[in-house]
Amino acid sequence: MTNAPDSAPASDFIRDRIRADLQSGKVQAVQTRFPPEPNGYLHIGHAKAITLSFSVAKEFGGRCNLRMDDTNPAKEDQEYVEAIKDDVRWLGFEWDALLYAADYFDQIYAWAELLVEKGLAYVDDQNAEQIAATRGTVTTPGTNSPFRNRTPAENLLLLRAMKAGSYGDGEKVLRAKIDMAHANLNLRDPVMYRIRHMHHQRTGDKWCIYPMYDWAHGQCDSIEGITHSLCTLEFEHHRPLYDWFCDSLGIYKPQQIEFARLNVEYLLTSKRRLLQLVEGSHVKGWDDPRMPTLRGLRRRGFPPEALVAFCKHVGVAKFNSTHEYGLLEFYVRDHLNKHAQRRMAVLDPLKLVIENWPAGHTELVEAQNNPEDPAAGTRLVPFSGELWIERDDFLENPPKDFFRLAPGREVRLRSGFFVTCTGVDKDAAGNITAVRCTYDPATKGGNAPDGRKVKATMHWVSCAHALDAEVRLYDHLFTVTDPASIDADNFLTVLNPNSLRIVRGKLEPSLKDAKGGERFQFERLAYFYCDHQDSQPGVPVFHRTVTLKDGYKAQKGAATKDQPKGGGKK
RNA sequence: UACCCCGUGGUGUAAUCGGUAGCACAGCAGGUUUUGGUCCUGUUGGUUCCUGGUUCGAGUCCAGGCGGGGUAACCA
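From a predicted model like this one, the values you see are computed outputs, not experimental measurements. (Residues numbered from 1 in each chain as written. Chains lettered and ligands numbered in written order. Predicted model: local features only at pLDDT ≥ 70, side-chain atom pairs only at ≥ 80, totals over all residues. Heavy atoms only, no water.)

Participant: Please explain the nonpolar core as it appears in this structure.
Facilitator: One recurring pattern in soluble globular proteins is that nonpolar side chains are buried together. In this structure, Val88, Leu91, Phe310 and Leu328 are the most contacted members of the largest nonpolar core, which totals 51 residues. Of all elements in the fold, only α1 (13-24), α2 (44-59), β2 (63-68), α3 (78-91), β9 (255-259), α10 (294-300), α11 (304-314) and α12 (325-339) reach the threshold of two or more residues within this core. Take this core: its biggest share by element is eight residues, from α2. When sequence neighbours within four positions are dropped, the list of residues in contact with Leu328 reads Ile44, Leu267, Phe302, Leu307 and Phe310. Residues Trp111, Val116, Tyr167 and Ile195 belong to the second largest nonpolar core, which totals 38 residues. (Core = buried A, V, L, I, M, F, W, Y, C linked by side-chain atoms within 4.5 Å. Buried < 20%, exposed > 50% of the residue type's maximum accessible area, 1.4 Å probe, protein only. Helix = DSSP H or I, 4+ residues; strand = E, 2+ residues; numbered from the N terminus. Contact = heavy atoms within 4.5 Å.)

Rendered as structure tokens:
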């Protein structure tokens, strides 16, 4: 699946259990599933769940289904079904079967009648408020519904009438008859069916009663023969109910195992909050490159392989943890370093004039496409007497640890020539308008025949040949590492006003042919993604995926870490 | 103030049947380098939440604390 380091699955409590189940013979073949509700887009948290369920199945020679948990037509939409399928495939996983909870509605209903007949479920006439009010609290028991003792025969009639559409929305519900005083609130006669006269994207108008999550999920798992039903920690309290339904029905009971959901610094995975960002236009949609959605990460340029490697690395445990954002970046850089071709681009241009360059002359220099992958070949880049260099690659009065261009200093222009700074031009206000230098014709390609060394190599783009292009520089959407901890009222105050900065860059001409979906490293700056939405033929738009590590800045402290000011450097 | 779950270096995560803490990232130092990237080498960090107990031996088992998270939708 991935070539990233330590992609081998670590031993964890879930795999340990599966191994034991296989060994004891309790389980013959592993069957897992990823059960999203098609009511929104998948995000990085889902990537962990997807990676887990699909990987586990694969590792143990089992199967993994993609099942749409479409039990609530009020919130779901076919558009999301397609998006989910697309995102799962993008991550690199292929399901053994594509299934829908709605396809089991007949079976689930039949089981409901069975429970009614067994006296384990009843129709309640109370409304939602009354049911909530009589549920009790975590410290006080609930009270029985006045309709709790209806006979099985009466309940059966009522349930059938519910199904037949004899009642309006909310008029009646079917409830499991368990224990209104149970310490686990989920077992205080949970609602199984509610009435919703609604069109379902899959079953049309066949049903007007729809099963609740608890009264569908375990049943679906059972029907599919799921051996290990993996889900996140918040469903832990639901497991007793999951078990109760299967046991009461006398059907095959899969084992639900819960693990901690993924948390990453600066990222939010709450659907509600994400929706707030989109609806408030704080981002440009669900696929905004600052969003932690899979679609957003895709547009940001994150390779799916990097995401999967990250998800495998973080492991699975029950401890509620938060991963450093830097770990995610590590996997992105690790993959991109090996696969992204190099190009040169100047994002904060400063003119460099080569005084001894033959007027009007252009020379082509050969540049490596990827030093990490010789097979990527080389390309020709035009070099001339006026070049763009990065503004912060020149300093008139450099500190001792600054290796780049400065008056009197010689540096290498990558794949080009050695140049020596002879002076600067300034405007009336004293701002530097251009840097002047001379070049050494003998150093073409970047090496001096006499063996002399330079301490710095800089990127450049020929002014006459430069491609002007829009480059979008992204940074964290939030200024705090844990935006989820900020309450709803102040949530927007921690939005990073500099999370998106758009600049016009001077790019080497070959980038004119960049296609949407391609990834590059703009040397010495960062990795960039050619946007598949906004790029036009010949007019590419680039998104900064992640910066390169910067050893120089690191030495100077992290003061500018979250507030990039230079062209593309942090 | 009920019930459930969890607690290992800065962040995560490992440690066969209880045998004396490993790995990754980050950090630091050095080397290599036509990217201050990559790569290579070395290295700093842990009384395994606390207190007792069982044991020849406890991160692993037991008890009691402390701390964190979760749960009261006709959502999933």
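Continuing now.
Participant: Would you explain the sheet that holds strand β23 (residues 519-522) in this entry?
Facilitator: Pairing between the strands of a sheet comes from backbone hydrogen bonds, and it takes one of two forms, parallel or antiparallel. The sheet built from seven strands is open, its strands ordered β10-β23-β24-β25-β21-β22-β11 with mixed pairing. Two strands close off the open sheet at either side, each with one partner strand: β10 (341-343) and β11 (345-346). In this structure, strand β21 (residues 467-474) lies alongside strand β25 (residues 541-547), joined through three bridges in parallel fashion. When the bridges of β25 are listed, Val471 appears paired with Phe542. Seen against the sheet, α12 touches β10, β23, β24 (526-530) and β25 and runs at an angle of roughly 120° to β25. (Pairing = 2+ DSSP bridges. Axes fitted to C-alpha atoms, helices over the stretch in contact; angles between N-to-C directions.)

Participant: Hey, could you run me through the environment of Ala345 in this one?
Facilitator: Position of Ala345 relative to the elements: it lies in strand β11. For Ala345, a relative accessible area of 0% translates into the label buried. Taking C-alpha positions, Ala345 is 8.5 Å from Leu525, a pair spaced 180 residues apart along the chain. Residue contacts for Ala345: discarding those within four places in its chain leaves Glu390, His459, Val461, Lys506, Leu507, Phe522 and Leu525.

Participant: Would you explain the protein's contact with RNA strand B in this entry?
Facilitator: As a matter of local geometry, RNA strand B sits amid 66 residues, with His323, Arg342, Arg404, Arg414 and Gly445 nearest to it. Sugar and phosphate atoms form 63% of the subset of RNA strand B atoms that lie within 4 Å of the protein. In the model, a sugar or linking oxygen of RNA strand B is placed 2.8 Å from a nitrogen or oxygen of the Asp69 side chain. Asp401 has a polar backbone atom sitting 2.9 Å from a base nitrogen of RNA strand B. For the surface near RNA strand B, the secondary-structure elements that each account for two or more residues are α5 (128-133), β6 (191-195), α11, α12 and α13 (551-555). A total of three residues in the surface near RNA strand B trace back to one element, the largest contributor, which is α12. (Near = heavy atom within 4 Å. Polar contact = N/O pair within 3.5 Å; in protein donor to acceptor, adjacent residues only side chain to side chain.)

Participant: Is there a simple way to think about the pairing of β24 in this case?
Facilitator: For a regular strand, the rule is simple: side chains alternate between the two faces of the sheet. Buried residues dominate β24, accounting for five of its five residues. Residue alternation in β24 divides its side chains into two sets, Ala526, Phe528 and Cys530 and Tyr527 and Tyr529, and both sets are buried. Note that β23 and β24 share four bridges and pair antiparallel. Counterpart to Gln521 in the pairing with β24 is Tyr527. Where β23 hands over to β24, the hairpin turn is made up of three residues, of which Arg524 adopts a positive phi near 70°. Bridge count between β24 and β25: five bridges; the pairing is antiparallel. In the strand pairing of β25, Cys530 is matched with Phe542.

Participant: Looking at this structure, how should I read the layout of surface pockets?
Facilitator: A water-sized probe rolled over the atoms picks out the places where empty space is left. The space that makes up the largest pocket amounts to roughly 980 Å³. Taken together, 35 residues make up the lining of the largest pocket; nearest its centre are Pro35, His46, Glu234, Phe235 and Lys271. Of all elements in the fold, only β1 (31-34), α2 and β8 (228-232) reach the threshold of two or more residues within the lining of the largest pocket. The greatest single-element share of the lining of the largest pocket, amounting to five residues, is contributed by α2. Taken together, the residues that form the lining of the largest pocket break down as 13 nonpolar, 12 polar and 10 charged. (1 Å grid on protein atoms, 1.4 Å probe; cavity = no way out; pocket = protein on both sides within 12 Å on 5 of 7 lines; lining within 4 Å. Points joined across faces, edges and corners; volume = space filled by probe spheres on them. Nonpolar A, V, L, I, M, F, W, Y, C, P; charged D, E, K, R; others polar.)

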